[in-house]
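So the chains spell out like this:
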Amino acid sequence: MSETIKLEIIDGVGKITLHRPKVFNSFNQEMSMAAQEALDQCANDKSVRAIYLTGNGKAFCAGQDLAEAIDPNGPDIKRIVDEHYNPLIKKTSHDRKTNRLCGKWCGSRRWGQCSFGR
């Protein structure tokens, strides 16, 4: 798995950590694909009952890495949405484990629980 995502299984919880703290955990293609892989691993692991999503450093996630989005040699915005974001949304809204997805509220130090789908 990529260095941009850390996955740990702790007492039945899949802890997924966004790990690009120097750019406030902004998503790029590598990170998106690694996040999809981590979600798939959690979905296929019978010991995982819930998923905990957090970010390393000061920020949970700053959104899309704009350096990648404006790079003339990088993927265009349609490809970024179709290949990076849409699959993540589908994975978090169609899996019963990710309906118990917990994480850090974006932009604050509070912890919360997010409900996706159903």
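Cut-offs applied
Residues numbered from 1 in each chain as written. Predicted model: local features only at pLDDT ≥ 70, side-chain atom pairs only at ≥ 80, totals over all residues. Heavy atoms only, no water. Axes fitted to C-alpha atoms, helices over the stretch in contact; angles between N-to-C directions. Helix = DSSP H or I, 4+ residues; strand = E, 2+ residues; numbered from the N terminus. Parallel < 35°, antiparallel > 145°, perpendicular 65-115°, else oblique. Left-handed = near helix turned anticlockwise from the far one by under 90°. Contact = heavy atoms within 4.5 Å. Phe/Tyr/Trp six-rings, centres within 6.5 Å; stacked < 30°, edge-to-face > 60°. Buried < 20%, exposed > 50% of the residue type's maximum accessible area, 1.4 Å probe, protein only. Core = buried A, V, L, I, M, F, W, Y, C linked by side-chain atoms within 4.5 Å. pLDDT = per-residue confidence, 0-100. Salt bridge = Lys/Arg side-chain N within 4 Å of Asp/Glu carboxyl O. Expected span 1.5 Å × (residues − 1). Polar contact = N/O pair within 3.5 Å; in protein donor to acceptor, adjacent residues only side chain to side chain.

*Asks:* Give me the packing of helix α1 (residues 29-44) against helix α3 (residues 77-93): which residues, what numbers.
*Replies:* Their axes nearest at 10 Å, the elements α1 and α3 cross at an angle of 25 degrees. Taken together, α1 and α3 sit at an angle that is classed as roughly parallel. For the crossing formed where α1 meets α3, the hand is left-handed. Taken together, the residues of α3 that come into contact with α1 (itself represented by Q29, S32, M33, A35, Q36, L39 and D40) are R79, E83, H84, Y85, P87, L88, K91 and T92.

*Asks:* Go over the packing of aromatic side chains with me, naming the residues and quoting the values.
*Replies:* Counted according to the given criterion, the structure contains 1 aromatic pair. Taken together, a centroid distance of 6.2 Å and an interplanar angle of 50 degrees make the contact between F27 and Y85 tilted. Taken together, the residues F27 in the loop between β2 (13-18) and α1 and Y85 in helix α3 connect sequence positions 58 residues apart. The exposure class of F27 is buried, given its relative accessible area of 10%. Residue class for Y85 comes out partly exposed when judged on its relative accessible area of 25%.

*Asks:* Pulling in residues and values, what's your account of the environment of Q29?
*Replies:* Within the secondary structure, Q29 is located in helix α1. Expressed as a C-alpha distance, the spacing of Q29 and I80, which sit 51 residues apart in the sequence, is 7.5 Å.

*Asks:* Can you explain the nonpolar core? Please cite residues and give values.
*Replies:* Within the largest apolar cluster, 15 residues are counted, with the highest numbers of intra-cluster contacts made by I5, I16, L18, F27 and I51. Elements represented by at least two residues in this core include exactly β2 and α1. Looking at which element gives the most residues to this core, the answer is α1, with 6 residues.

*Asks:* Account for the confidence of the model for the protein, with residues named and values stated.
*Replies:* On average, residues of the protein score 82 in pLDDT, and 79% of them are at 70 or above. Per-element confidence in the protein is highest for strand β1 (residues 5-10), whose mean pLDDT is 96, and lowest for strand β5 (residues 111-113), whose mean pLDDT is 40. Low pLDDT (under 50) marks residues 104-118, which in the prediction has 34 contacts with non-local residues, meaning those over four places away or in another chain.

*Asks:* Give me the pattern of salt bridges: which residues, what numbers.
*Replies:* Overall, the coordinates contain 6 salt bridges when judged by the stated rule. Of the charged contacts in the structure, one is a salt bridge between K6 and E3, with a shortest N-O distance of 2.8 Å. Two residues, K15 and E8, come together in a salt bridge whose shortest N-O distance is 3.9 Å. Given a relative accessible area of 26%, K15 falls into the partly exposed group.

*Asks:* For α1, give the residues involved together with the corresponding values.
*Replies:* Under the 1.5 Å per step criterion, the end-to-end length of α1 is 23 Å for 16 residues, consistent within 8% with the ideal 22 Å. Here the buried face of α1 lies against β1, β2, β3 (50-55) and α3. In this structure N28 caps α1, since a side-chain oxygen of it lies 3.3 Å from the backbone nitrogen of E30.

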